[in-house]
Every structure is written in structure tokens, then in C-alpha cells.
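Read off the chains here:
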Amino acid sequence: MLELNDYRKSRFYQEARKDGIEEGEAKGKATMLRENIQQMASNGCDAKQISQLLGVDIKIVRKMLKSSS
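For clarity, every value in this text was computed on a predicted model and none was experimentally measured.

A few words on the overall build of the protein. Secondary structure summary: the protein contains four helices and zero strands in total. Expected size for 69 residues packed as a compact globule is a radius of gyration near 11 Å; at 19 Å, the protein overshoots this value by more than 25%. Dimensions of the protein, computed from C-alpha atoms along their principal axes, come out at roughly 60 × 20 × 15 Å. The buried share among the 69 residues of the protein stands at 12%. Pairs at least 24 apart in sequence give 33% of the contacts found in the protein among residues at least 6 apart. Put simply, the protein shows about 5,900 Å² of open surface, and 52% of that area lies on carbon and sulfur atoms. A distance of 7 Å separates the average location of the 13 positive side-chain charges in the protein from that of its 10 negative side-chain charges.

Here the focus is the packing of helix 2 (residues 11-42) against helix 3 (residues 47-54). Relative to each other, helix 2 and helix 3 sit at 135°, their axes nearing to 10 Å. In terms of axis orientation, helix 2 runs oblique to helix 3. Seen along the crossing, helix 2 lies across helix 3 with a hand that is right-handed. Of the residues in helix 3, those touching helix 2 at L33, N36, I37, M40 and A41 are I50, L53 and L54. Its residues placed into classes, the contact of helix 2 with helix 3 shows seven nonpolar, one polar and no charged.

All right, on to the nonpolar core then. Counting residues in each nonpolar core, the largest one holds seven residues, listed as I37, M40, A47, I50, V56, V61 and M64. Every residue in contact with A47, bar those within four places of it in the chain, is listed here: I58, V61, R62 and L65.

Once that is clear, we can look at the environment of L54. One can find L54 in helix 3. For the pair L54 and L33, spaced 21 residues apart in sequence, the C-alpha to C-alpha distance is 8.6 Å.

Residue-level pLDDT values for the protein average 92, and 96% of them are 70 or greater. Averaged over each element, pLDDT in the protein is lowest for helix 1 (residues 4-9) (81) and highest for helix 3 (96).

What counts as what
- Residues numbered from 1 in each chain as written.
- Predicted model: local features only at pLDDT ≥ 70, side-chain atom pairs only at ≥ 80, totals over all residues.
- Heavy atoms only, no water.
- Helix = DSSP H or I, 4+ residues; strand = E, 2+ residues; numbered from the N terminus.
- Rg over C-alpha atoms; globule rule 2.2 N^0.38 Å.
- Buried < 20%, exposed > 50% of the residue type's maximum accessible area, 1.4 Å probe, protein only.
- Contact = heavy atoms within 4.5 Å.
- Areas by Shrake-Rupley, 256 points an atom, 1.4 Å probe, with all protein chains shown as cover.
- Lys, Arg positive; Asp, Glu negative; His and termini not counted.
- Charge placed at Lys NZ, Arg CZ, Asp CG, Glu CD.
- Axes fitted to C-alpha atoms, helices over the stretch in contact; angles between N-to-C directions.
- Parallel < 35°, antiparallel > 145°, perpendicular 65-115°, else oblique.
- Left-handed = near helix turned anticlockwise from the far one by under 90°.
- Nonpolar A, V, L, I, M, F, W, Y, C, P; charged D, E, K, R; others polar.
- Core = buried A, V, L, I, M, F, W, Y, C linked by side-chain atoms within 4.5 Å.
- pLDDT = per-residue confidence, 0-100.

Here it is as C-alpha cells:
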């Protein structure tokens, strides 16, 4: 009978786990970026300043600002 430990050692499990971790990290980074952009905008920074300070393309900053309003 297949034991849980055997399943965790399987290639499928390892790849699925890795994909899940990477997806979670990406969502966390996107959420943090959105929050930083919103906070900077509420403190008077414009899209160009935010883009320069965070090192993010201005198109992304504008998109996030537009979606948050």
C-alpha cells in the first residue's frame, strides 16, 4: 500500500509542491507591490516617482493605480 511518505517523495508531488510555492510567492509579491504603490500614491507620489523608486515599469504602476481607484 502506498504510504504518505512515499507519495511525498514522488516526482509529481515534488513538482506540484514547487509550483504551488512559486505561485504563492508571486501572488505575495504582487500584493506587496500593489500595497506599496497605493501607499506611495496616498502620500503624494505620482506614477513616475513611484516607478523610479520601486524600479517598476511605469505602465504597471499606472495599471495598479487605475485598478485601485
